[in-house]
Amino acid sequence: DAKTTQPNSMESNEEEPVHLPCNHSTISGTDYIHWYRQLPSQGPEYVIHGLTSNVNNRMASLAIAEDRKSSTLILHRATLRDAAVYYCILRDGDSSYKLIFGSGTRLLVRP
Amino acid sequence: GAVVSQHPSRVICKSGTSVKIECRSLDFQATTMFWYRQFPKQSLMLMATSNEGSKATYEQGVEKDKFLINHASLTLSTLTVTSAHPEDSSFYICSASTGTVFNYGYTFGSGTRLTVV
């Protein structure tokens, strides 16, 4: 399984943008880049995913490097409710469609 | 949007007994569901892939006879922890996939906290 590398933790001030990096140098051509977040004692929540082009939705933006070896999740204005563990995951490139979670980045948002 | 319901949210059982956890897709059909386990302050660990109408595929190191998975319909998968012991205490989470082959989104249940005493 292709692996991802994320910082263990990051901090941000409320209402400021947050850029969460993810390295995935062994990504294959058919791997989708998924981002999920998990609040305490809850199941993960889908944030965004993409393949090659940058993606935007109501929650966040995903910026994918041209060589696809890294990506950045962008929260445009962090709120206290965005404090969570963010996971960058490569959807398994074969037919099994498994999501293998790494250790993620714990985002702390300061009021 | 797609909703996955997991029940119960919390369960306490005695050592040696079995516990069943249900995972339902409420507004879509899920041919494939996934079961994860999460220990405190750790990431999610994939236990098995549940396929409707066929046997589940277990990850390496997961005992299939201890963690029985049944996916009898397109909207329901169950995980039974048999002969539970305190070390099985954990947060169990299911997920289901929606969408097309190349555009999979995954929806997760809210998790079940199992405590074995």
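Predicted, not measured: the structure shown is a model, and the values here were computed from it.

## A few points about the layout of surface pockets
One water molecule sets the probe size; rolling that probe over the atoms shows where empty space is left.
1) Next: Empty space within the largest pocket amounts to approximately 460 Å³.
2) Next: What lines the largest pocket is a set of 20 residues, among which V85(A), R106(A), Q38(B), K41(B) and Q42(B) lie closest to the centre.
3) Next: Contributing elements (two or more residues each) for the lining of the largest pocket: β8 (84–90) and β9 (105–110) of chain A.
4) Next: Of the residues that constitute the lining of the largest pocket, the class distribution is seven nonpolar, ten polar and three charged.

## Brief notes about the sheet that holds β8(A)
All names here are of chain A.
1) Next: With respect to topology, five strands assemble into an open sheet ordered β1-β9-β8-β3-β4, the strand pairing being mixed. If you trace the sheet from one side to the other, it starts and ends with β1 (9–13) and β4 (45–50), each paired once. Geometrically, the sheet is characterised by an average inter-axis angle of 25 degrees between neighbouring strands, direction not taken into account.

## Examining the pattern of salt bridges
As a working rule, side chains carrying opposite charge can pair if their charged atoms are close by.
Residue and element names in this part refer to chain A.
1) Next: Scanning the model with the defined rule gives seven salt bridges over all chains in all.
2) Next: The closest approach of N and O atoms between E45 and R37, which form a salt bridge, is 2.9 Å.
3) Next: Accessibility expressed as a relative area gives 32% for E45, which makes it partly exposed.
4) Next: If you follow the salt bridges from partner to partner, you end up with R37, E45 and D82 in one network.

## Focus: the state of the cysteines
Residue and element names in this part refer to chain A.
1) Next: All told, the structure shown has two disulfides over all chains when counted by the stated rule.
2) Next: Each disulfide pairs two cysteine sulfurs, and for C22 the partner residue is C88, the sulfurs being separated by 2.1 Å. Residues C22 and C88 share a disulfide whose torsion about the S-S bond is about -80 degrees; that sign makes it left-handed. With a gap of 66 residues between them, C22 in strand β2 (residues 18–23) and C88 in strand β8 connect regions that are remote in the sequence.

## Describing the nonpolar core
1) Next: Formed by 24 residues in total, the largest nonpolar core has its most connected members in W35(B), F67(B), L79(B), Y92(B) and L114(B).
2) Next: The next biggest cluster of nonpolar side chains, apart from the first, holds 20 residues, and it includes V18(A), L73(A), A78(A) and L90(A).

## Some remarks on the sheet that holds strand β5 (residues 55–56) of chain A
Residue and element names in this part refer to chain A.
1) Next: Read across the sheet, four strands follow the order β2-β7-β6-β5 without closing on themselves; strand pairing throughout is antiparallel. Taken across any chain shown, the strands that pair with only one partner, and hence form the sheet edges, are β2 and β5.
2) Next: The pairing of strand β6 (residues 61–64) with strand β7 (residues 70–75) spans four bridges and is classified as antiparallel. Directly across from L62, in β7, lies its bridge partner L73.

## Things to note about the environment of C13(B)
Residues and elements named next belong to chain B.
1) Next: Relative to the helices and strands, C13 is located in strand β2 (residues 10–13).
2) Next: Linking C13 and V117, residues 104 residues apart in sequence, is a C-alpha distance of 6.2 Å.
3) Next: In this structure, C13 is in contact with V19, A84, L114, T115, V116 and V117, ignoring residues within four places of it in sequence.

What counts and how
- Residues numbered from 1 in each chain as written.
- Chains lettered and ligands numbered in written order.
- Predicted model: local features only at pLDDT ≥ 70, side-chain atom pairs only at ≥ 80, totals over all residues.
- Heavy atoms only, no water.
- 1 Å grid on protein atoms, 1.4 Å probe; cavity = no way out; pocket = protein on both sides within 12 Å on 5 of 7 lines; lining within 4 Å.
- Points joined across faces, edges and corners; volume = space filled by probe spheres on them.
- Helix = DSSP H or I, 4+ residues; strand = E, 2+ residues; numbered from the N terminus.
- Nonpolar A, V, L, I, M, F, W, Y, C, P; charged D, E, K, R; others polar.
- Pairing = 2+ DSSP bridges.
- Axes fitted to C-alpha atoms, helices over the stretch in contact; angles between N-to-C directions.
- Salt bridge = Lys/Arg side-chain N within 4 Å of Asp/Glu carboxyl O.
- Buried < 20%, exposed > 50% of the residue type's maximum accessible area, 1.4 Å probe, protein only.
- Disulfide = S-S within 2.5 Å.
- Core = buried A, V, L, I, M, F, W, Y, C linked by side-chain atoms within 4.5 Å.
- Contact = heavy atoms within 4.5 Å.

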